[in-house]
Amino acid sequence: EYWYEQARIALRKRLQYATDRRPHAKNVLLFVGDGMGVATATAARILRGQRLGKKGEEHELAWDNFPTVAFAKVIRIFKLY
């Protein structure tokens, strides 16, 4: 129940930015974290939390509080000669 309540709080916080039905992006900042997949980010979050004396899972990294985030999968195509 604790994690569900934390998700509800996070969702309410993010929905406050979605006041317009068709929002337009402006002042976009792009952070590229090469090799920062979900598993790596989760491991970093847990390690950082544990180093701060917490259990780890409840810790948030800086980008966890960004109002919006996106994931992209890059497919590398190699041309063989």
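Counting restarts for each chain, with residues numbered from 1 along the sequence as it is written. Reporting of local features is limited, given that this is a predicted model, to residues whose pLDDT is at least 70; pairs of side-chain atoms are given and counted only at 80 or more, and all residues count toward the totals for whole chains, interfaces and linings. No hydrogens and no water enter the side-chain calculation; it runs on all heavy atoms of the structure.

**Remarks on the overall build of the protein**
Runs of H or I in DSSP of at least four residues are treated as helices and runs of E of at least two as strands, each being numbered from the N terminus. On a plain count of helices and strands, the protein comes out with two helices and zero strands. Three labels apply to residues, based on accessible area from a 1.4 Å probe with only protein chains included: buried if under 20% of the type maximum, exposed if over 50%, partly exposed otherwise in between. Residue burial in the protein is summarised as follows: out of 81 residues, 9% are buried. Contacts were defined at the residue level, with two residues in contact if any of their heavy atoms lie within 4.5 Å. Considering only residue pairs separated by 6 or more positions, the protein has 40% of its internal contacts joining residues 24 or more positions apart.

**Structural notes on the UniProt feature "binding site: Zn(2+)" (unreviewed entry) in the protein**
UniProt positions are given in the numbering used here, feature names are shortened, and annotations may be inferred rather than shown by experiment. Those places that UniProt annotates as "binding site: Zn(2+)" (unreviewed entry) correspond, in this numbering, to Asp34. Among the structural elements, aspartate 34 can be located in the loop between α1 (2-15) and α2 (38-51). Residue class for aspartate 34 comes out exposed when judged on its relative accessible area of 72%.

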